[in-house]
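Structure assessment
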Amino acid sequence: MNAPVTVSTPIYLDYLSTTPVDPRVVAAMTACMSTEGVYGNAASRSHVFGWKAEEAVENARSQVAELINADPREIVWTSGATESDNLAIKGVAHFYHKKGKHIVTSKIEHKAVLDTCRQLEREGYEVTYLDPDEQGLTTPEMVQGALREDTILASVMHANNEIGVVNDIAGIGEICRAAGVLFHVDGAQGVGKIPVDMEAMKVDLLSMSAHKMYGPKGVGALYVRRKPRVRLEAQMHGGGHERGMRSGTLATHQLVGFGEAARIAHEEMAAESVQLQALRERFWAAISDIPEVYINGDREQRLPGALNVSFAFVEGESLIMSLRDLAISSGSACTSASLEPSYVLRALGLNDEMAHSSLRFSFGRFTTEGEVDHAVQCVRHAVEKLRELSPLWDMFQDGVDLSTIEWAAH
Amino acid sequence: MAYSDKVIDHYENPRNVGKFDDADDSIGTGMVGAPACGDVMRLQIQVSDEGIIEDAKFKTYGCGSAIASSSLLTEWVKGKNLDEAASIKNTEIAQELSLPPVKIHCSVLAEDAIKAAVQNYREKQDS
């Protein structure tokens, strides 16, 4: 029997939404931010302050490139994955519009991809939104089936931000390359957590975010393949930074932070993913005996530290309310102004009530076993309490098939 | 979202949770809402021969505001006659619990629930 471990609450189990900045990253960033630090403008060519800043920025570029096995010249700095997605999709669409105006993506992409596609539809482009399978996966075959003569781009995420499933982007890349279609991957959730190799994968554009891998918020990058060359129309115009693809003075301290975060991720990924998977399985093993509890998304093809679980017959928002010790996110968007359940879970074929009853737990670098065990206790207690309160649980216990009841929808 | 102290109190210590035997003629049951919408309330009243609500029980699947609205309602209806209970307005519930605009539908559901329970009781007496 282990001695009881005290944990401080609330416990952060929302690493897919963002991560704390690693202390080593903070140290690297802080070193840029003093009057003795690297405060020059990386674009200043006429003095040592500029040269030092350029050196720091280029070092960071190499670190990020190394994480994804790319050439540093293929990395374009941006403000984050949302901007990277916008630049990749609009940039390709606007540059190649004479070749075609059809884009393929999936229904469970991040809003930064979906809303960008919607904008392109308003500009006269056509977009095919693929339905993922029941496990949440978008397969190479699905993409193949949607390609047309006039398709210029496919955009499929590496790992899904809500359910944590991981797509076969290497396979999709093969399909796209063979068809002469550019392939963009929203890598915000995958890069830094699982191996990504631009030498091996036929990915043309890859969006990345620093704050999902223990770097600072407000900085990201877009990988833009050089061979075969991918062209983009800039979305941000100005001083011609980043080879004209993204103007704006480079934020040295942010980029240095991103670079350091990438370096750490590259070095520690293998060990860390073993550790995170162990925490995830420890958590699941301790709650899976609760009746009517289900994992959403593929069991195997998933991020090591991510789990999305539906607790039937309890409602997600009240579940979160009774889990005050845990910082987690609900698959139901009830906490925002809309009462719509998650579009991702709906696309997997979950009915509204299961989508309303789902929670996303994501474990990370600083999660401890003690925290996981406390989370288990909280979850078990909350589910038991809310089921005691739930008329649906009563009916289920009495053997009533809820799908046969005519509910008065409101 | 920040909940009011009263919502949290009802949520943490819900009053009158439970279930009466639906087959009993002195019981009126109102079940409103839908799982797909994220809330279902079951409100039951136990009515005396004199038409006074002697006891009330509820179970609610829904957010904290929905649970609090139904919990509060069970407290309010006890001791009232059927007409008084059926005339409780959702605005009174919303005001008592300081519900934000996005949660007003929870109080509407509670009003629907007591009306449905009273109606169910009356139908039982008529048949």
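1. Some details on the overall build of chain A
Along the backbone of chain A there are 12 helices and 13 strands. For chain A, whose C-alpha radius of gyration is 23 Å, the value lies close to the compact-globule estimate of 22 Å for 410 residues. With respect to the principal axes defined by its C-alpha atoms, chain A has extents near 75 × 55 × 35 Å. Relative to all contacts within chain A whose residues are 6 or more apart in sequence, the contacts with residues 24 or more apart total 72%. Summed over all atoms, the accessible surface of chain A reaches about 17,100 Å², with 52% contributed by carbon and sulfur. For chain A, the distance from the average site of its 38 positive side-chain charges to the average site of its 55 negative ones is 8 Å.

2. Remarks on helix H2 (residues 64-77) of chain B
All names here are of chain B. A rise of 1.5 Å per residue sets the reference length of H2, with its 14 residues, at 20 Å; its end C-alpha atoms lie 20 Å apart and thus fit the reference within 8%. Across the 14 residues of H2, 12 count as buried, placing the element largely inside the fold. Among all positions in H2, only Gly-64, Ser-65, Ala-66, Ile-67, Ala-68, Ser-69, Ser-70, Ser-71, Leu-72, Leu-73, Thr-74 and Val-77 are buried. Residue Gly-79 follows H2 closely and has a positive phi angle near 90°.

3. A look at the sheet that holds strand E13 (residues 358-362) of chain A
Residues and elements named next belong to chain A. Read from one edge of the open sheet, 4 strands run E9-E10-E13-E12, paired in antiparallel fashion. Unpaired on one side and paired on the other, strand E9 (293-295) and strand E12 (329-330) mark the two borders of the sheet. Bridging between E9 and strand E10 (residues 306-311) involves 3 bridges; their strand directions are antiparallel. Residue Tyr-294 lies in a different strand from E10, and its bridge partner there is Ser-310.

4. Details of the packing of aromatic side chains
All names here are of chain A. Taken as a whole and assessed by the stated rule, the structure comprises 11 aromatic pairs over all chains. Measuring from ring centre to ring centre gives 5.1 Å for Phe-95 and Tyr-96, while their planes differ by 65°; the resulting arrangement is edge-to-face. Judged by centre distance (4.6 Å) and plane angle (50°), the ring pair of Phe-283 and Phe-361 falls under tilted. Here Phe-361 lies in strand E13 and Phe-283 lies in helix H7 (residues 252-287), a separation of 78 residues in the sequence. A relative accessible area of 0% means that Phe-283 is categorised as buried.

5. Quick look at the pattern of salt bridges
Residues and elements named next belong to chain A. Tallied over the entire structure, the rule returns 37 salt bridges over all chains. For Arg-365, the salt bridge is made with Asp-22, and the minimal N-O distance between the two is 2.8 Å. Placement of the pair is Arg-365 in the loop between E13 and helix H11 (369-389) and Asp-22 in the loop between strand E1 (11-12) and helix H1 (23-30), with a sequence separation of 343 residues. Put simply, Arg-45 and Glu-54 hold a salt bridge, and the shortest N to O gap is 3.7 Å.

Reading the values: rules and limits
Residues numbered from 1 in each chain as written. Chains lettered and ligands numbered in written order. Predicted model: local features only at pLDDT ≥ 70, side-chain atom pairs only at ≥ 80, totals over all residues. Heavy atoms only, no water. Helix = DSSP H or I, 4+ residues; strand = E, 2+ residues; numbered from the N terminus. Rg over C-alpha atoms; globule rule 2.2 N^0.38 Å. Contact = heavy atoms within 4.5 Å. Areas by Shrake-Rupley, 256 points an atom, 1.4 Å probe, with all protein chains shown as cover. Lys, Arg positive; Asp, Glu negative; His and termini not counted. Charge placed at Lys NZ, Arg CZ, Asp CG, Glu CD. Expected span 1.5 Å × (residues − 1). Buried < 20%, exposed > 50% of the residue type's maximum accessible area, 1.4 Å probe, protein only. Pairing = 2+ DSSP bridges. Phe/Tyr/Trp six-rings, centres within 6.5 Å; stacked < 30°, edge-to-face > 60°. Salt bridge = Lys/Arg side-chain N within 4 Å of Asp/Glu carboxyl O.

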